[in-house]
Amino acid sequence: MFLSVSPYVKLIPRAMSPSSSLESFLLFLWISVICGGLAQAELMKKDNCTNYELVFERVYSVPGDAAMLNSTLLSPDVFNFTAVPFNITWFSTKTGQEMRNETGRVLVLQETLWFLNTTMDDNGEYFAIVRTPSQCYMQSIMLVMKLPEAGECGRPMKAHTSLTKDVADRVNCLLGGYVEKLDSYGISSSVKWYKGCDPILEDSGSQTFQDRNKLAFHMVKTEDSGIYTCTLTFALDGVTVTVSETIEAMVTDKYSLPPQVHEPQKEMIKKVIGSNFTKRCLVFVPGAGIPFDDVIWLVESKVMFHTDPSKRIYTSNLRSWTQDEPKGVWLERLLLFAELKEEDFYLNYTCRVFSSRGYPDGYFTLLPTDPNIVLPIGLVFGGVTVLFVISVTVYYVFRIDIVLCFRRAFPVLYSNKDLDGKLYDAYVAYPNPGAFGFSEEVERFALQTMPEVLEQACGYKLFIAGRDCLPGQAVVDSVDENLQASRRVLLLYTASTFIKERHTSSTSSNNNNITKTGEEVDQIESRTSEGDGGVGYGGYDKAFSDTRQHLECVASMSRALLEGSLKVILVELEEITPAQLALFPESVRHLRKKQGAVCWWKALQTRQKRRTWREDEERRGKDSQVSPSLSPASRFWKEIRYHMPVRGKRAVYPEKTALLNL
């Protein structure tokens, strides 16, 4: 519709009145403000600021409440605000003017713009500009002002939440950002809760306060449905202000509590490269009904969407089943590897639950298996064990040969025994003529066989009573002086050496004996009193009738067992039965048990076997060899040499010297 003016109507100008002049002035001011805002906006464009656009979340408030607009530009994702200098300026999009501090109304604190007492005129968009020496950033935030609804105590904009019946639950106050910001300023604050218009007292029966911004219910009931308002009170810039949020809570029978991730739980799993592998994510959601939760797998924050088995790495479909006690639902999703590769290791594989009750997760890390060291360790351990057993066995069997070989190879490691003041390497004590156990074979062994082997072949120096005694020397003096001058005592004995006459008949039946002890032995005519003085060794006074033999045994045993100054080598000339051994003096039995005896009768048995073999060989026309029992290399003489003193500097004796075959 158009308004036309008749050409016949003249337009007559009207004189301007005072009221029209005021209107024109106000119009001019309004145009100036708009132009200033446009100019300011144009200035910001010229600064080429990086624009982070309008923040998605709106800030809602009612007149009289405080409101906080917080910019997120001070973030490491934007720039390094801890190292780079900067300044922040707040502007109103509506006026284009910079926001400045206004007592009781507006307070600018770095990235936060505070309205201490909002009005409906504060509704609009505000933007923050952050300038550094080289960059400029800007971001907008919307403040939405609404009037309270008539007849209601809560705020017009309400959040919604659900409470689960017959379990513990809570209502969260949405002012957590305010509380955190005030805490960063060091400003204390308090929260008061209301249900409808009625205040809720702290710890009032079934409800308690938690962390200033949570209202907890010990057991939710149907009547707990309703409108809840939390009011935060604090003092800022010398003014006590409040800010409130309203939450509408609905009580429902169906519920789900925070999910619980049972698998994985910070696990370190070792697998072999090239093998397949499957790991499940097992989650339990306590509650009634089917939860609207989802379970996903992430590899270093990258979501695994593949469920196609043809892929090398894929996930299974979500599987769920219910449980009656405790009541809830189990959720399971598998992560499968058709083949593990090197790039799959040393990564965190996270199972995360997306739920309205939170986002719990669990993870595991794949590691390559350690080298299989069990087998090498087992082989080494087994080898060492076998080597140890073999070494012990070899040493036990060839101990004497090893020691003799070492002495011969390293004589410089041993001191020269010729410098110790001793005249003899060994004192040979044997049954003398007329003593128990004497026979021509024993005398021949002591006076002929031992000197030929030990003196002539091995280089030892022996004292033999029947050969080296000085004529007319007292028996006691001879025994004492020569034992003192000897390094060892070779004590030769037979089965009847230590047995009195009345026992000889019971000990004469020994098939391997050198002597036959069935003959009677005359009593020794006299006994030297010095030889009996105060030394008792298992009844030597009763067992011996021969003075020299008695003195030799008593003195040598005294030095060996009591003083430890002399070593006695027991040389057993014939096999001793347990019954015969029981009649031996206690000192001899003790020494025999402690260090053993060198058995000549064993060498004879061996020689007898070899002699039979040689006879067979001679019949076949082969040459015979000298008896090994009379060679220093035979087992018997090696044992004797093992117990004999070590000569540091000695001539190397031949090991296979041919001796007279008895």
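All figures in this text were calculated on a predicted structure; none of them were measured in a lab.

K.L.:
What exactly am I supposed to notice about the overall build of the chain here?
P.N.:
The helix and strand tally for the chain stands at 13 helices and 32 strands. Per-residue burial for the chain yields a buried fraction of 40% across its 662 residues. Summed over its atoms, the accessible surface of the chain is roughly 37700 Å², and 55% of this surface lies on carbon and sulfur atoms.

K.L.:
So what exactly am I meant to see when it comes to the packing of aromatic side chains here?
P.N.:
Each pair of aromatic rings is reported with the distance of its centres and the angle of its planes. Enumeration according to the criterion identifies 29 aromatic pairs in this entry. Ring geometry for Phe79 versus Phe81: centroids 6.4 Å apart, planes at 75 degrees, classification edge-to-face. Given the relative accessible area of 7%, Phe79 is considered buried. Among the aromatic residues, those joined into a ring-pair cluster are Tyr52, Phe79, Phe81, Phe86 and Tyr137. Lying over the aromatic face of Tyr194, Lys192 brings its terminal NZ or CZ to 6.0 Å of the ring centre.

K.L.:
Got a minute to help me understand the environment of Phe81 in this structure?
P.N.:
For Phe81, the position within the fold is in the loop between strand 3 (67-70) and strand 4 (87-92). Here the alpha-carbon distance between Phe81 and Thr132, two residues 51 residues apart in the chain, equals 9.0 Å. If sequence neighbours within four positions are ignored, Phe81 has contacts with Leu74, Ser75, Pro76 and Phe86.

K.L.:
I keep staring at the nonpolar core and nothing clicks. Help me out?
P.N.:
Generally speaking, nonpolar side chains in soluble globular proteins are found buried as a group. In this structure, Trp90 and Trp193 are the most contacted members of the largest nonpolar core, which totals 49 residues. Among the elements that make up this core, the one with the highest residue count is strand 15 (residues 226-236) (5 residues).

K.L.:
I tried to follow the state of the cysteines on my own but got confused; where do I start?
P.N.:
Following the criterion strictly, the structure yields 4 disulfides and no others. Between the sulfur atoms of Cys49 and its disulfide partner Cys136 the distance amounts to 1.7 Å. Linking Cys49 and Cys136, the disulfide has an S-S dihedral of approximately 60 degrees and is accordingly described as right-handed. Highlighted residues: Cys49 in the loop between helix 1 (18-46) and strand 1 (50-54) and Cys136 in strand 8 (residues 136-145), separated in sequence by 87 residues. The side chain of Cys281 participates in a disulfide bridge whose partner is Cys351; the two sulfur atoms lie 1.5 Å from each other. Given an S-S torsion of about -50 degrees, the disulfide between Cys281 and Cys351 has left-handed geometry. Remark: Cys351 occurs in strand 26 (residues 348-354) and Cys281 occurs in strand 20 (residues 277-288); sequence separation between them is 70 residues. Like Cys351, Cys281 is buried.

K.L.:
When you look at the packing of helix 3 (residues 374-409) against helix 13 (residues 635-643) in this model, what are you seeing that I'm missing?
P.N.:
Packed helix pairs are characterised by how far apart their axes lie and by the angle those axes make with each other. At their nearest, the axes of helix 3 and helix 13 sit 10 Å apart, and the two run at 60 degrees to each other. With respect to helix 13, the element helix 3 is oriented oblique. Considering the relative orientation of helix 3 and helix 13, their crossing is left-handed. Contacts between helix 3 and helix 13 involve Val397, Arg399, Ile400, Asp401, Val403, Leu404 and Arg407 from the first element and Arg635, Lys638, Glu639, Arg641 and Tyr642 from the second. Here the contact of helix 3 with helix 13 is built from residues that sort into 5 nonpolar, no polar and 7 charged.

K.L.:
I'm lost on the sheet that holds strand 21 (residues 294-299) in this one. Help?
P.N.:
Strands belonging to one sheet form pairs held by backbone hydrogen bonds; the direction of such a pair is parallel or antiparallel. Across the sheet, which stays open at both edges, the 5 strands sit in the order 19-27-26-21-22 with mixed pairing between neighbours. Strands at the two margins of the open sheet, each flanked by one partner only, are strand 19 (267-271) and strand 22 (302-303). One ladder, built from 5 bridges, connects strand 19 with strand 27 (residues 361-368); its direction is parallel. The residue of strand 27 that forms the bridge with Glu267 is Phe364.

K.L.:
Sorry if this is basic, but what is going on with helix 6 (residues 475-484) here?
P.N.:
The α-helix advances 3.6 residues per turn, and as a result positions three or four apart in sequence lie on the same side. Turning to helix 6, its buried residues number three or more, namely Ser478, Val479, Asn482 and Leu483. Looking straight down helix 6, one finds its buried side chains confined to an arc of 110 degrees; they lie on one side. Each element contacted by the buried residues of helix 6 is listed here: strand 28 (426-429), strand 29 (462-464), strand 30 (488-493) and helix 9 (547-563).

K.L.:
Help me understand a nonpolar patch on the surface, please; the structure alone is not making it clear to me.
P.N.:
On the surface, a nonpolar cluster with roughly 750 Å² of combined accessible area is contributed by Val386, Ile390, Val394, Tyr395, Tyr396, Val397, Phe398 and Ile402. As for its placement among the helices and strands, Ile390 is situated in helix 3.

K.L.:
For this particular structure, what's the right way to read the pattern of salt bridges?
P.N.:
Close approach of charged atoms allows side chains with opposite charge to pair. Per the counting criterion, the structure on display carries 22 salt bridges. For the salt bridge of Lys181 with Glu111, the shortest nitrogen-to-oxygen distance reads 3.0 Å. On the criterion of sequence distance, the pair formed by Lys181 in helix 2 (residues 176-185) and Glu111 in the loop between strand 5 (106-109) and strand 6 (112-115) is long-range, its members being 70 residues apart. In this structure, Lys181 and Glu111 share a single accessibility class: buried. Ionic pairing is found between Arg312 and Asp344, a salt bridge with its closest N-O pair at 2.6 Å. Remark: Asp344 occurs in the loop between strand 25 (328-337) and strand 26 and Arg312 occurs in the loop between strand 22 and strand 23 (313-315); sequence separation between them is 32 residues. Take Asp344: its relative accessible area is 3%, and that puts it in the buried class. Overlapping salt bridges bring together Glu263, Glu267, Lys279, Arg280, Arg319 and Glu332 as one network.

K.L.:
Would you explain the sheet that holds strand 31 (residues 567-572) in this entry?
P.N.:
Pairing is parallel across the open sheet formed by 5 strands, whose spatial order is 29-28-30-31-32. What marks the edges here is a single partner per strand, and that holds for strand 29 and strand 32 (598-599). Where helix 6 meets the sheet, its contacts fall on strand 28, strand 29 and strand 30, and the angle it forms with strand 28 comes to roughly 145 degrees.

K.L.:
Hey, could you run me through helix 2 in this one?
P.N.:
Among the residues of helix 2, those classed as buried are Gly176, Tyr178, Val179, Lys181 and Leu182. Looking at the buried positions of helix 2, the neighbouring elements they touch are strand 2 (59-61), strand 3, strand 6, strand 11 (189-195), strand 15 and strand 16 (239-252). Among the residues trailing helix 2, Gly186 stands out with phi positive, at a value near 80 degrees.

Thresholds applied
- Residues numbered from 1 in each chain as written.
- Predicted model: local features only at pLDDT ≥ 70, side-chain atom pairs only at ≥ 80, totals over all residues.
- Heavy atoms only, no water.
- Helix = DSSP H or I, 4+ residues; strand = E, 2+ residues; numbered from the N terminus.
- Buried < 20%, exposed > 50% of the residue type's maximum accessible area, 1.4 Å probe, protein only.
- Areas by Shrake-Rupley, 256 points an atom, 1.4 Å probe, with all protein chains shown as cover.
- Phe/Tyr/Trp six-rings, centres within 6.5 Å; stacked < 30°, edge-to-face > 60°.
- Lys NZ or Arg CZ within 6 Å of the ring centre and 35° of its normal.
- Contact = heavy atoms within 4.5 Å.
- Core = buried A, V, L, I, M, F, W, Y, C linked by side-chain atoms within 4.5 Å.
- Disulfide = S-S within 2.5 Å.
- Axes fitted to C-alpha atoms, helices over the stretch in contact; angles between N-to-C directions.
- Parallel < 35°, antiparallel > 145°, perpendicular 65-115°, else oblique.
- Left-handed = near helix turned anticlockwise from the far one by under 90°.
- Nonpolar A, V, L, I, M, F, W, Y, C, P; charged D, E, K, R; others polar.
- Pairing = 2+ DSSP bridges.
- Arc of directions from axis to C-beta.
- Patch = residues over 30% accessible without salt bridge, like charges linked within 9 Å, V, L, I, M, F, W, Y side chains within 5 Å.
- Salt bridge = Lys/Arg side-chain N within 4 Å of Asp/Glu carboxyl O.

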